[in-house]
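Tertiary structure, described
So you can see what is in the structure, the chains are spelled out below.
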Amino acid sequence: MEAWYSKYWFSIQTLSSFEWAQPFYLYCIPAIPFLFIIRNWIVGNNVQKLNVAFPAQQFRSSWISALRFVPGLLLVLSIMLILVALARPQRAISTQEEVSEGIDIMLALDISASMEATDIPPSRLVVAKKVAKKFIEGRFQDRIGMVIFAGEPFSLCPLTNDYDMLKDYIDEIHPSLIATSGTALGNALGMCINRMREITSKSKVIILLSDGDNTAGNLDPALSAQMARAFGMKLYTIAVGSNKINTEKVDESALRNIASIGNGKFFRATDARSLENIFKEINRLEKVEIKQNRYKNLRDFYHNYLRWAIMLLLLSFACKNTFMGNILED
């Protein structure tokens, strides 16, 4: 912050940036010079004068004679600055705090070999990763975790608010992370349930993305869905694939059944845009109420102008007691 004696406080930009608590005093400033003019006129007309005649050739004007106005000018400036201080220049620093009761969300992503199919270019998995990252960016104060699975599940990231870290994990996802082939839908759901079953949050959601039926694991997907419902979790399932590739057909039956049992909703994504729209729909369905608390912190700057006023007032009195107060004094 600038020092009180800086010329910064008198720039138009600075003065226009203030909020004035008592702007009435500012309207009084233009009247001050007129009050002094009226005062001098009244005093000049009522004070007795001694008429002294000087020959014109002996009367010489000098700039020094103008110094008699300095004390009065300093006094006028001092009073103006006192009025500025009384108007209380302020700046408001507003802060906004957003508060919500976040949702706990587990993303379960199929990374089996079939997810490398190119019917959704460049591949099903690449598009799923990209859209999942966008979904994460759109959440607020939610804890999000991730499980990846093929023939067996793997907990990639626990529930966290560190979205940047989670997106970094998603970037590193590759089918080679899990060597076991197949699609273990039931086991993947079971791992998601284990990550959230002891959490007391009001809303718990599992989003499962896959392109096939349950072909591996020792947990039945329907049983896992029933367990999720028992723990108060909602299941959304997304079938990824367009069926353009005959060798990598999408089986919707298990995913539909899971969503139905888990009080959720089934979606079918046939291209990148539809998958993005599905995540937008889930984002809308699971939107939490965000409360905004606004705080306004006012900072006063009147003391800078008051210091200037005091300094000029003292300077005016000092000048009054020098030769400036006596030059051509009536």
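It should be noted that the structure appears before, not after, this text.
These numbers come from a predicted model, not from an experiment. (Residues numbered from 1 in each chain as written. Predicted model: local features only at pLDDT ≥ 70, side-chain atom pairs only at ≥ 80, totals over all residues. Heavy atoms only, no water.)

What to know about the sheet that holds strand β8 (residues 265–269)
The strand order β5-β4-β3-β6-β7-β8 describes an open sheet built from 6 strands, whose pairing is mixed. Of all strands in the sheet, those with a lone pairing partner are β5 (153–160) and β8, marking the two edges. Averaged over all pairs of adjacent strands, the angle between strand axes in this sheet comes to 15°, irrespective of strand direction. Looking at chain direction, strand β3 (residues 104–110) and strand β6 (residues 204–210) are connected through 6 bridges and run parallel. (Pairing = 2+ DSSP bridges. Helix = DSSP H or I, 4+ residues; strand = E, 2+ residues; numbered from the N terminus. Axes fitted to C-alpha atoms, helices over the stretch in contact; angles between N-to-C directions.)

Details of the packing of aromatic side chains
Taken as a whole, this structure holds 13 aromatic pairs when the rule is applied. Taking the centre distance of 5.8 Å and the plane angle of 85° together, the rings of Phe10 and Tyr305 count as edge-to-face. With a gap of 295 residues between them, Phe10 in the segment before α1 (12–16) and Tyr305 in helix α11 (residues 302–320) connect regions that are remote in the sequence. Judged by relative accessible area, which is 35%, Phe10 ranks as partly exposed. Tyr305 sits in the buried class, given a relative accessible area of 1%. Members of the aromatic cluster, joined through ring pairs, are Trp4, Tyr5, Tyr8, Trp9, Phe10, Phe18, Trp20, Phe301, Tyr305 and Trp308. For the cation-ring pair, Arg91 lies above Phe301, with the distance from its terminal atom to the ring centre recorded as 5.2 Å. (Phe/Tyr/Trp six-rings, centres within 6.5 Å; stacked < 30°, edge-to-face > 60°. Buried < 20%, exposed > 50% of the residue type's maximum accessible area, 1.4 Å probe, protein only. Lys NZ or Arg CZ within 6 Å of the ring centre and 35° of its normal.)

Things to note about the environment of Arg143
Of note, Arg143 is situated in strand β4 (residues 143–149). In the structure, Arg143 is positioned 17 residues away from Thr160 in sequence and 4.8 Å away in space, judged by C-alpha atoms.

Focus on the side chain of Ser224
By the element assignment, Ser224 lies in helix α8 (residues 221–230). Among residues more than four places away in sequence, those in contact with Ser224 are Gly186, Leu189, Gly190, Ile193 and Leu219. (Contact = heavy atoms within 4.5 Å.)

Quick look at unusual backbone geometry
Backbone torsion omega between Pro121 and Pro122 reads 0°, so that peptide bond is classified as cis. Relative to the helices and strands, Pro122 is located in the loop between β3 and α5 (124–137). In this model, Arg88 sits at a positive phi of 55°, which is unusual for a non-glycine residue. With a relative accessible area of 33%, Arg88 lands in the partly exposed category. Unlike most non-glycine residues, Asn263 shows phi in positive territory, near 55°. Locating Asn263 in the fold gives a position in the loop between α9 (253–261) and β8.

What about helix α6 (residues 163–171)?
Within the sequence span of α6, burial applies to Tyr163, Leu166, Lys167 and Ile170. Viewed end-on, α6 has its buried residues packed into an arc of 100°, placing them on one side of the element. Looking at the buried residues of α6, the elements they touch are α5, β4 and β5. (Arc of directions from axis to C-beta.)

Points about the side chain of Asn187
Summarising the element assignment, Asn187 is placed in helix α7 (residues 185–196). From its side chain, Asn187 meets the backbone nitrogen of Leu219 in a polar contact 3.0 Å long. Among all residues touching Asn187, those that are not within four sequence positions of it are Pro153, Gly217, Asn218 and Leu219. (Polar contact = N/O pair within 3.5 Å; in protein donor to acceptor, adjacent residues only side chain to side chain.)

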